[in-house]
Amino acid sequence: MDTKTEADVNAIVRQYAEDIRSTIGGQFTKQGESSMACTGKLGETSDDVYSVQGAYQITLAPEKQLPTLAQFREQWKAKGWKITEDETFGENRGKLSASTGDDGYELNLTTAKTPEWLAVLIYSPCYKSPTPR
């Protein structure tokens, strides 16, 4: 398991979110990161093992939602990321999730018609803190 500070992981999560935001344009209407305890791939647990979740919203008109998901699907496939979820529900709604590969981050985009926004959730893998909690 890799060791990273929470600040470093927060910065990585924010960078993934910022890359999404800059592709879409506009601003986040809600944003934030939070850490939580987690269990590593090999069952490692301790007070010093954590992951970070970033949660963000970007205003996005309903007619742009599915084309935006399609754009990210193609971008993420081109990067070699694994699409883990790809659903459409209703006329203009959908969900797209991907695993970034070697670094173990998970990105999730979910549309909403009312209000008109795109939810962005980013999950880090588990890390060991370099300083005891």
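Refer to the preceding data block for the structure.
What counts, and at which threshold
- All chains use their own residue numbering, which begins from 1 and follows the written sequence.
- Local features in a predicted model are, by the rule used here, given only for residues with pLDDT of at least 70; side-chain atom pairs are given and counted only at 80 or more, and totals for whole chains, interfaces and linings are based on all residues.
- Derived side-chain values reflect all non-hydrogen atoms in the structure, with water molecules and hydrogen atoms excluded from consideration.
- By the criteria applied, helices consist of DSSP H or I runs no shorter than four residues and strands consist of E runs no shorter than two, each listed in order from the N terminus.
- An expected span of 1.5 Å times one less than the residue number is assigned to each helix.
- Burial classes follow relative accessibility: with a 1.4 Å probe on protein chains only, a residue under 20% of its type's maximum area counts as buried, one over 50% as exposed, and anything between as partly exposed.
- Starting at the helix axis, one direction is taken to each C-beta atom, and the arc is that of these directions.
- When checking whether two residues touch, look at their non-hydrogen atoms; a contact exists if any pair is within 4.5 Å.
- Comment: axis = line fitted to C-alpha atoms, over the contacting stretch for helices; angle = value between 0 and 180 degrees taken between N-to-C directions.
- Orientation categories follow fixed angle ranges, with anything under 35 degrees roughly parallel, anything over 145 roughly antiparallel, 65 to 115 roughly perpendicular, and all other angles oblique.
- Definitions for this section: a left-handed crossing has its near helix turned counterclockwise from the far helix by less than a right angle. A right-handed crossing has that turn clockwise.
- Only Asp, Glu, Lys and Arg are considered charged in this grouping, and only Ala, Val, Leu, Ile, Met, Phe, Trp, Tyr, Cys and Pro are considered nonpolar; every other residue, Gly among them, is considered polar.

Here helix α1 (residues 6-24) spans 27 Å end to end across 19 residues, near enough to the 27 Å set by a 1.5 Å rise per residue. Listing the buried residues of α1 in full gives Val9, Asn10, Val13, Tyr16, Ala17, Ile20 and Arg21. Seen from one end, α1 has its buried residues packed into an arc of 135°, which puts them on one side. Packed against the buried residues of α1 are β1 (28-37), β2 (49-59), α2 (62-78), β5 (106-112), β6 (117-123) and β7 (127-128). Of the residues one or two after α1, Gly25 is the one with positive phi, at around 90°.

Here we come to the packing of α1 against α2. Two numbers describe how α1 lies on α2: the axes approach to 11 Å, and their chain directions differ by 125°. Taken together, the axis directions place α1 and α2 in an arrangement best described as oblique. By crossing handedness, the relation of α1 to α2 is classed as right-handed. Here Ile20, Thr23 and Ile24 of α1 come into contact with α2, specifically with Thr68, Gln71, Phe72, Gln75 and Trp76. When its residues are assigned to classes, the contact of α1 with α2 shows four nonpolar, four polar and no charged.

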